[in-house]
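Structural overview for review
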Amino acid sequence: MAIHEIGPRTLRNTIGFFEEDPPQGSDKTWLGSFRLIRISAGDLKDSSRMIGLAAVIFRQRADKPNQIARDPLRLSKLLAAGVPVFIITATVEPGKEMPRMRQGLISSLDEAGLPIAKGGSTSEPVFTPAIHLLEETNAWQVVSEYILKYPSDNVPELALNPKVYNIRNAELVLEFEDIEILRRAFWKCSELKLVENQEGRSGVFTFRAYAVRAGDAVGTKRPYEYFIKLGNREQIAKEYSAYRQNALEHIPYHLGPRLRLDRCALGASRGIIVCDYVNGAEKLRDCAKDGRAVPIIANLFNTTLRTWRDNMRPGERPLSEYLEGRMPKAIPAHRQVKIDELGRTHTAEQLAELLQSLASAPAMEGFVHGDLHALNVLVRGGDAIVIDFEKAEDRAPLLRDLASLESGLFVDGFVGEIRSSALLLQSVECLYTSTALLNGQFDLCHPSDGSAWFIDCARQIRMHAPQIERAPGQYALTLAVEFAKKACKNDDFSGSGALDGRLTGEDIRACAYILGQRILNTLYNTLNKTALA
C-alpha cells in the first residue's frame, strides 16, 4: 500500500472509442467514473491527446476482421504511450465459428509483433500495457475492472528531450518508441542525459542516466544518477519480474540494485528498467586482479545470496540431464583455429557425449542468478553487490552460479594477459587435476605468479561447493559445461585486450574450451557412472 499526497495531479481518466460513439444508458454504468469520448485516427497522431487516455477501445468488423491489425504503428504508438488497447471482437451468428475470426485477428497481431493478452481475462498473467480481446457481452465490466486494478502509469513528460551519447561521446538517435518510454519513465523531469555503458553484454542497451527533476524543492544543479536498461520488451519484462520476485525481498537492501518501480515501463516491443546507480563501486574482475576478491566472494555467497541458498531443495532430475541443455552445439568458426592450436581433442558434440556418459545424481536446486560472471558482481567496501537478473532461473542447480563465477573470472580476468595462451593454461593446471576437482586439494602458487589471484578466487569459490553437492564431481561437471559454454559463445571478442601482442578475448575463450575439455576428460578417466551416481 502506497502513501498518497492529496493535491493537484494529472490523471489518465479518459477512455477513447475509436471512430465510434461511447455507450449510453445501462452500458455506461460500468464506465461511469471515466470520461468517455469518441476519437479519430487524427487524434491518435497527437501525443498531447494520448497522454490523458486510460484506454482505447476498438471494434472488430465482421466484414473486415483484420482491418485493425493493418495499421500496427497506430497500436504501437498507443502502447508506447502506456495506453492499453481493448478490441471487442465481432459478433457472429449462432452456429458459426467465432473462434476462427478471433484467431485470424490474433494471428495478424502476432505477425505485427504486438503483445496480446489472448484470453482477455484480467487475471491472465501478462504485463501491461497490452492488447486485450473482449466479447461484447461483458466488455464494459472487463474494461472498468482492468483499469481500476491496473491503473495507467504517470503521464509522460512530453517536453522532455532525452540526450543520448555512446562511449565516444557521439550523440545517438533513438527510435520513436524508446523516446516515448523514456518520457514515461522520467516523468516530472526537465532534463535527461544518457551515457552508454561500455561493457554491457545482455543484448539490451545499458546506460548511466542523469536526470534533473522539474520543480525539485532541493534544487536542480546536480542531476540524480540512475542505471537503466533499454531493450526488447520480453527481455525487460522477464528481468523486471525477476527483480521484483527474487531480488527486492530476498537480497539485503545494500547488496542488490534498487529497482525504481515507478520508473520502469513497457511499450509495444520495447521496455525500460530503471535502478539507482551504484556509486563508488568497482567490478569484481578488477578487484580480483588486484588480489582483494577472496573476502568479497565469501560475502557474495554467505550474505548477498544467502537466502537463495538457504531455500535450496533436492532436485528430481539428474544433474547431467540439466547440463545437457547448456552444452554448446558447435565451436564458432572464427575461434576454431585458436582452439585447435591449443590442443583440441574433442569436438563440441564429442564433449556432449562425454557429459552424457558421466551420469550424475540430482543436485540441490533453487533460485540462481544465471549469469553470475565477474562483471555482474560489483564491489563496494567489503560488500558484493549483484546486478543484472535477466537470466535468473528457478529450480536450477545452485552449483551453476559457483561455476559461472569461476569460469567468468577466467574469461574476463585474463584478457590483456602478457603471457602466451599455453603458459596461461600451464599456470592454472593445478586447479584442474583429479585431486583438485574431486578432493579440493591443490598447491597454491607463489603470490608473484600472474595467476595467483585467480587460483585464490577459485579456492574460495570451491569452498562453497561441498555444501551443495550431493555426489562427488558435481561441481566439476557443472564447471566443465560453463567453461565450454563461454568458450563457444558466438560473439567476436578479438577487439578486447588487443594491444602489443597481449591475449585477446578470443584467445581466452579458446583457453576456456581447453579447460572444459580437460575437466570432462579427467572426470571420465577417474570416475565411472556408478561412482557419480
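Below, the structure is looked at part by part. Residue positions within a chain follow its written sequence, with the count starting from 1. It should be noted that, the model being predicted, local features are given only for residues of pLDDT at least 70 and side-chain atom pairs only at 80 or more, the latter also being counted only at that level, while totals for whole chains, interfaces and linings use all residues. Side-chain metrics rest on all non-hydrogen atoms present in the structure, leaving aside hydrogens and water.

Below, the discussion takes up the overall build of the chain. The helix and strand tally for the chain stands at 19 helices and 19 strands. Overall size of the chain, expressed as C-alpha extent along the three principal axes, is 85 × 65 × 40 Å. Burial classes: relative accessible area under 20% of the type maximum marks a residue as buried, over 50% as exposed, and values in between as partly exposed (1.4 Å probe, protein chains only). Considering the chain as a whole, with its 533 residues, one finds that 52% of them fall into the buried category. Excluding contacts between residues fewer than 6 apart, the proportion of contacts in the chain whose partners are at least 24 apart in sequence is 73%. In this text, helices come from DSSP runs of H or I with a minimum length of four residues, and strands from runs of E with a minimum of two, each type numbered from the N-terminal end. Contacts are assigned to residue pairs with any non-hydrogen atoms lying within 4.5 Å of each other.

The subject of this paragraph is helix α14 (residues 421-428). Among all positions in α14, only Ser421, Leu424, Leu425, Ser427 and Val428 are buried. Taken around the axis of α14, the buried residues stretch over an arc of 160°, which confines them to a single face. Arc definition: it is the arc formed by the directions from the helix axis to the C-beta atoms.

The subject of this paragraph is the packing of aromatic side chains. Each aromatic ring pair is characterised by the separation of its centres together with the angle its planes make. Note on aromatic contacts: the rings of Phe and Tyr and the six-membered ring of Trp form a pair at centre separations within 6.5 Å, being stacked when their planes are under 30 degrees apart, edge-to-face when over 60 apart, and tilted otherwise. Under the defined criterion, the tally for this structure stands at 17 aromatic pairs. On the numbers, 5.0 Å between centres and 55° between planes, the contact of Tyr243 with Phe389 is tilted. You can see Tyr243 sitting in helix α6 (residues 233-247) and its partner Phe389 sitting in the loop between β18 (383-386) and β19 (393-397), a full 146 residues away along the chain. An aromatic cluster of at least three residues, connected via ring pairs, comprises Phe410, Phe414, Tyr432, Trp453, Phe454 and Phe483. Directly above the aromatic system of Phe176 lies the positively charged group of Lys77, at a separation of 5.5 Å from the ring centroid. Any Lys NZ or Arg CZ that is within 6 Å of a ring centre and within 35 degrees of that ring's normal is treated as a charge sitting over the ring. It is Arg509 that lies over the ring of Phe493; its NZ or CZ is 4.0 Å from the centre.

Cis geometry is found at the peptide bond from Thr128 to Pro129, where omega equals -5°. Following the sequence through the fold, Pro129 ends up in the loop between β5 (116-117) and β6 (131-134). Although it is not a glycine, Asn169 adopts a positive phi angle of roughly 65°. Mapping Asn169 onto the fold places it in the loop between β7 (163-165) and β8 (171-172). Of note, the phi angle at Arg395 is positive, near 55°, even though the residue is not glycine. Position of Arg395 relative to the elements: it lies in strand β19. What makes Arg395 exposed here is its relative accessible area of 52%.

Let's shift gears to the sheet that holds strand β12 (residues 265-266). Taken in spatial order, the seven strands make up an open sheet running β8-β7-β9-β10-β11-β13-β12, and their pairing is mixed. The open sheet terminates on both sides in strands that have one partner only, identified here as β8 and β12. Two strands are counted as paired when DSSP detects at least two bridges linking them. As paired elements, β12 and strand β13 (residues 270-276) share two bridges and run antiparallel to each other. Bridge assignment links Ala265 to a residue of β13, and that residue is Ile272. Fitting a line to C-alpha atoms yields each axis, with helices limited to the stretch in contact; the angle taken between N-to-C directions then spans 0 to 180 degrees. In this fold α6 packs onto β11 (224-232), β12 and β13, with an angle of close to 35° to the strand it touches most, β13.

So, about the sheet that holds strand β16 (residues 362-368). With respect to topology, three strands assemble into an open sheet ordered β15-β16-β19, the strand pairing being antiparallel. Pairing within the sheet leaves two strands with one partner each, and these edge strands are β15 (313-318) and β19. Taking the axes of each pair of neighbouring strands and ignoring which way they run, one obtains an average angle of 45° across the sheet. Note: β15 against β16, three bridges, orientation antiparallel. Note on β16: the bridge partner recorded for Arg313 is Glu365.

In this structure, strand β14 (residues 282-283) lies alongside strand β17 (residues 377-380), joined through two bridges in antiparallel fashion. Its bridge partner being in β17, Lys283 is matched across the sheet by Leu378. Pairing of β17 with β18, which is carried by four bridges, proceeds in the antiparallel orientation. Bridge assignment links Val377 to a residue of β18, and that residue is Val386. Here β17 folds back onto β18 in antiparallel fashion, the turn holding two residues, of which Gly381 has a positive phi close to 65°.

Quick look at the pattern of salt bridges now. Note that side chains of opposite charge can pair when their charged atoms are close. Each reported salt bridge corresponds to a side-chain nitrogen of Lys or Arg within 4 Å of a carboxyl oxygen of Asp or Glu. A complete count under the given rule lists 28 salt bridges for this structure. The salt bridge involving Arg183 is made with Glu180; its shortest N-O contact spans 3.3 Å. Note that Arg183 and Glu180 are positioned in helix α5 (residues 176-185) at a spacing of three residues, about one turn of the helix. A relative accessible area of 17% places Arg183 in the buried class. Glu482 is paired through a salt bridge with Lys486; the nearest N and O atoms lie 3.8 Å apart. With Glu482 and Lys486 both in helix α17 (residues 474-487), this residue pair falls four residues apart, about one helical turn. Here Glu482 and Lys486 have matching classes, each one buried. Residues joined by salt bridges that share partners form a network here, namely Lys229, Glu239 and Asp388.

We now examine the side chain of Arg184. Counting through the fold element by element, Arg184 comes out in helix α5. Under this definition, polar contacts are N or O atom pairs within 3.5 Å; protein pairs additionally need one hydrogen-donor-capable and one acceptor-capable atom, and for neighbouring residues in sequence, both atoms have to be side-chain atoms. Looking at Arg184, its side chain comes within polar contact range of the main-chain oxygen of Leu266, at 2.7 Å. Not counting the four nearest positions on each side in its chain, Arg184 is found in contact with Arg12, Leu79, Ala80, Ala81, Gly82, Pro129, Asp153, Pro156, Ala265, Leu266 and Gly267.

Any functional reading would require information that these geometric values do not contain.
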